[in-house]
Amino acid sequence: MEKKKGKILGDHKKVGSKFIPPMSQLGMTEVSYVNQIFPEIIWMGLLNKREGYHTGIRIVEFMAKKSVEIKNTEKFLNFSLASSYTFLGADQKIQIVAELEKNNFLQVLQKSLAPLTCLYEGFPMAFLGPPADHNSKETMLAIIKECISACINKYEQPGMVMQATVMYIRGITGGLYFTNNIKPPNLDKIITDFDSDEGKKAAASVRAFVMSEYMPMEGKKSDEWSRSFWNQGYKIDKCHFPWDKK
Amino acid sequence: MNKKNNDIKSVLMFMDKYCSLIIEGFRERWKKWEIEIYDSETYEAIGGLLSRQVTLSISLASAPQIWNGHIAPLILRAMTDVHITLAWILLDPKERAKKYILYGLGQEKLYIEHLKSEAVEEDNRINLMIEVRESWLNSQRADFLTEVNVGNWAGLNTREMASEADCQGLYKFAYTPFSGVAHNMWQHISRYNLVPCNNPLHKFHRVADILDVPSDPDYVYRSAKYVDRSFEAFDKKYNLPISTPMPHDWFVEEFKKINKKPIEDNLEVIDTGT
C-alpha cells in the first residue's frame, strides 16, 4: 500500500504566512455563481421551466437579437443577463415589447417571469409587464422557489442550460472567438446528452466562460440587481427558523 | 443528606432556567436582526460565533461534573476567545467576517492536502472523507482559488485583537490564565496535578496525583458574564430592542433566591471584573 504524494501545496507560492494557489498568482479572482451570476440568469430558468429548453432558448435568442439591433451603445451587451436590459431606453423597451407581441412571445414571457416581475422590485426586465391572468402570491412563490432549487447547482443540467445560453447568446450576437486550434464546445450536448463525455466537456467550458463573462477586462460589473434579488428574497418569504418547528 | 439533595436539585433547576434564558436571548437577537442575504457570510460568521458562545455556556451549565478547575477553564478559555473574535469582527463586520471565513476554508484545504498526502490509494474510507470535505470546501469557494494562511487569521495576535476591540481586561485576567489550563502549562499543572510531599527528607517535592477538586457553580457564573459581554457587543453594534433579560443580571438576581450568600462570595479567586 503506497501513500499518494509527497510535498503538500507544492505548486503554491509562499508570501509571508500565506500559500497562494497558482490561479490566484495569475490574478484570477472569484466570481460567485450563486451570489452574482444566478440572479442575472434565473429568468431563463423560469422560462425553461415553463416552456422547455428549446422553446425557452428560442425566445431568449429572439429577444437578445432584437435588443442588440436597437441598442444605442457601442458597448457589447449580453442580453441573456437581466441587467443588460437596464441599458435600453424607454423607447427601445417599447419596441422590444411590440416585437415580442408580434411574434407571440410576450405572453409566454409575462407568464414565465411573473414571479420576478410581480414579487421583486427593480427587476430589470419588469418592462415586459405582468401576465394578464392573475396568480396568487403563494403560487408565484412556489414557482420561484422550485426554480431556484432546481437551478442553483451550477453543475446540474437546469443550471448548466442557463449558463450555456449565456455563452450561446454571446456567440450569436458577437464577441465570441475561438482560435483555429480550439474546438468550440458542443452546447447541444448539454441538453441532449448531458452525462456524456462531450456534454461534460462542453459544460466545463461553459462554466469557465460564464465566469469570464461576468468578469469583464475593463470596468466593474454592477451587482445592483444581484444584491437586490437576494436581499428581497429574505423579505418576500420569511425564514423558517429551525427552533420554530419544534 | 436530604438538604444537600435539595440544594443540588435547586441549583440544577436554576441552571435549566439559565440555559433557557440564554437560548431565548440568542434567538430573539437572530430574529430581530435585519439580514441582507447577499452578504450572508457576514451574518453567518457573527451569528455562528454568538451561537457558539451560548452553546459553550449551556454545555458548561448542564454538566455539574465539569464545574471544576480541571475542565471548566477549558470552556471558559474558548468563551473568552469567542468574545475577542466576535468583538473584533464587529468593528468591521463585512471585511473581517470574510477574512475569518477564508482563513477557515484555507485550514480545511490544508487538512485535505494532508489527508491526500498521507492516505493510501486503496483506503476508501479516507477517500470518501476527502471527497466529502472537498465538496464542502468547493461549495463555498473553489479550492484552486483558496489561499492557505499558516499565520494568524486576523493578521494580528489575540492580544492585539483584544486591544483593538477594547477587551484588554478580558485578555489579561481571563484569556491568559485560562490559556495556561488549555495549554497544560506549569502554573496549572503544579496546582491541579501535583501535591506536596510532607517528608522533609524529600525536599518537599511535588508528587503527581489525580486530584479531586471541588465543584463550583462560579464557573457557570463566569460563562454567563462572557455570554453577557458578547450579547452586549452585538446589541451595541446593531442597536436591537431586546426584551430578554441579560444573562449576568439575571444570574445574580436569580441565584440569590437559591443561595443565601451573594454569588461573588463563592469565587475561588478575586473577581477582576472580567
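About the cut-offs
Residues numbered from 1 in each chain as written. Chains lettered and ligands numbered in written order. Predicted model: local features only at pLDDT ≥ 70, side-chain atom pairs only at ≥ 80, totals over all residues. Heavy atoms only, no water. Helix = DSSP H or I, 4+ residues; strand = E, 2+ residues; numbered from the N terminus. Buried < 20%, exposed > 50% of the residue type's maximum accessible area, 1.4 Å probe, protein only. Contact = heavy atoms within 4.5 Å. Areas by Shrake-Rupley, 256 points an atom, 1.4 Å probe, with all protein chains shown as cover. Lys, Arg positive; Asp, Glu negative; His and termini not counted. Charge placed at Lys NZ, Arg CZ, Asp CG, Glu CD. Pairing = 2+ DSSP bridges. Buried area = accessible area lost by both parts, 1.4 Å probe. Salt bridge = Lys/Arg side-chain N within 4 Å of Asp/Glu carboxyl O. Polar contact = N/O pair within 3.5 Å; in protein donor to acceptor, adjacent residues only side chain to side chain. Nonpolar A, V, L, I, M, F, W, Y, C, P; charged D, E, K, R; others polar. pLDDT = per-residue confidence, 0-100. Patch = residues over 30% accessible without salt bridge, like charges linked within 9 Å, V, L, I, M, F, W, Y side chains within 5 Å. Expected span 1.5 Å × (residues − 1). Axes fitted to C-alpha atoms, helices over the stretch in contact; angles between N-to-C directions. Parallel < 35°, antiparallel > 145°, perpendicular 65-115°, else oblique. Left-handed = near helix turned anticlockwise from the far one by under 90°. Phe/Tyr/Trp six-rings, centres within 6.5 Å; stacked < 30°, edge-to-face > 60°. Lys NZ or Arg CZ within 6 Å of the ring centre and 35° of its normal.

In terms of helices and strands, chain A carries 10 helices and 2 strands. If you list the helices and strands of chain A from N to C, you get β-β-α-α-α-α-α-α-α-α-α-α. Taking the principal axes of the C-alpha coordinates as reference, chain A spans close to 65 × 60 × 35 Å. A buried classification covers 45% of the 246 residues belonging to chain A. Counting only contacts in chain A whose residues sit at least 6 apart along the sequence, the fraction spanning at least 24 positions is 66%.

With that settled, the discussion passes to the overall build of chain B. For chain B, the helix and strand inventory stands at 10 helices and 3 strands. Of the regular secondary structure in chain B, the N- to C-terminal order runs α-α-α-α-α-β-α-α-α-β-β-α-α. Seen along its three principal axes, the alpha-carbon backbone of chain B occupies a region of about 60 × 60 × 40 Å. Summarising the internal contacts of chain B: among those between residues at least 6 apart in sequence, 72% fall at separations of at least 24. Only carbon and sulfur atoms are counted for the fraction: they give 53% of the accessible area of chain B, which is about 14800 Å². Averaging the positions of the 33 positive and the 39 negative side-chain charges in chain B gives two centres separated by 6 Å.

So, on to the sheet that holds strand β1 (residues 13–15) of chain A. The strand order across the open sheet formed by 3 strands is β1(A)-β2(A)-β1(B), and the pairing between neighbours is antiparallel. Every interior strand has two partners, whereas the edge strands, β1 of chain A together with β1 (148–149) of chain B, have only one. The pairing of β1(A) with strand β2 (residues 18–20) of chain A spans 3 bridges and is classified as antiparallel. The partner of Lys13(A) across the bridge, within β2(A), is Ile20(A).

The subject of this paragraph is the interface of chain A and chain B. Contact residues are listed per partner, giving 31 residues for chain A and 32 residues for chain B. Both faces combined, the contact of chain A with chain B buries some 3100 Å², and carbon together with sulfur accounts for 58% of it. Counting the contacts that link chain A with chain B gives 3 salt bridges. Here Arg227(A) makes a salt bridge to Asp39(B), at a shortest N to O gap of 2.9 Å. Put simply, chain A and chain B have 9 residue pairs in polar contact (both at pLDDT 80 or more) between them. Looking at the side of chain A that touches chain B, the elements that each hand over two or more residues are β2, α1 (22–25), α2 (33–51) and α10 (224–236) of chain A. Of the residues assigned to the side of chain A that touches chain B, the class counts are 12 nonpolar, 9 polar and 10 charged.

For the rest of this paragraph, the subject is the confidence of the model for chain B. Considering every residue of chain B, the mean pLDDT works out to 92; 94% of them sit at 70 or more. Across the predicted assembly, pTM comes out at 0.87 and ipTM at 0.81.

To continue, consider a nonpolar patch on the surface. On the surface, Met23(A), Leu26(A), Met28(A) and Phe144(B) cluster together into a nonpolar patch covering about 400 Å² of accessible area. Tracing the backbone through its elements, the reader meets Phe144(B) in the loop between α5 (124–138) and β1. A relative accessible area of 43% places Phe144(B) in the partly exposed class.

Bringing unusual backbone geometry into the picture now. Residue and element names in this part refer to chain B. Here Lys203, not a glycine, exhibits a phi torsion of approximately 65 degrees, which is positive. Relative to the elements of secondary structure, Lys203 occurs in the loop between β2 (194–196) and β3 (206–208). A positive phi angle, close to 50 degrees, is found at Asn239, a residue other than glycine. Within the element layout of this structure, Asn239 appears in the loop between α9 (218–238) and α10 (247–258).

In this model, helix α3 (residues 72–89) of chain B (18 residues) spans 26 Å end to end at C-alpha, consistent with the 26 Å of a helix rising 1.5 Å per residue. When you tally the buried positions in α3(B), you get 15 out of 18 residues, the bulk of the element.

A word on the pattern of salt bridges. In this structure the tally under the stated criterion is 23 salt bridges over all chains. Ionic pairing is found between Lys66(A) and Glu69(A), a salt bridge with its closest N-O pair at 3.8 Å. Here Glu69(A) and Lys66(A) lie together in helix α3 (residues 53–70), a separation of 3 residues that amounts to about one turn. Its relative accessible area of 56% is what places Glu69(A) among the exposed residues. For Lys116(B), the salt bridge is made with Glu134(B), and the minimal N-O distance between the two is 2.5 Å. Residue Lys116(B) is found in helix α4 (residues 93–118), and its partner Glu134(B) is found in helix α5; the two are separated by 18 residues along the sequence. Glu134(B) shares its class with Lys116(B); the two are buried.

Once that is clear, we can look at the packing of α3(B) against helix α7 (residues 168–182) of chain B. Residues and elements named next belong to chain B. α7 packs onto α3 with a crossing angle of 135 degrees between their chain directions and a minimal axis gap of 8 Å. The orientation of α3 with respect to α7, classified from their angle, is oblique. Between α3 and α7 lies a crossing of left-handed hand. When α3 is examined against α7, the residues Pro73, Leu74, Leu76, Arg77, Thr80, Asp81, His83 and Ile84 are found in contact with a partner set consisting of Leu170, Tyr171, Ala174, Tyr175, Phe178, Ser179, Val181 and Ala182. Of the residues that constitute the contact of α3 with α7, the class distribution is 11 nonpolar, 3 polar and 2 charged.

Moving on, we come to the environment of Ser179(B). Looking at the element boundaries, Ser179(B) is found in helix α7. Among the residues examined, Ser179(B) registers a relative accessible area of 9% and is labelled buried.

Turning to the packing of aromatic side chains, a few remarks are in order. This structure, assessed with the given rule, holds 28 aromatic pairs over all chains. Aromatic side chains Phe14(B) and Phe251(B) sit 4.8 Å apart centroid to centroid with 90 degrees between the ring planes, which places their arrangement in the edge-to-face category. Highlighted residues: Phe14(B) in helix α1 (residues 2–32) and Phe251(B) in helix α10, separated in sequence by 237 residues. Residue Phe14(B) is classed as buried on the basis of its relative accessible area, which comes to 5%. An aromatic cluster of three or more residues is present, and its members are Tyr33(A), Phe38(A), Tyr120(A), Phe123(A), Trp225(A), Phe229(A) and Trp230(A). Its end group placed over the ring of Phe231(B), Arg29(B) keeps NZ or CZ at 3.9 Å from the ring centre.

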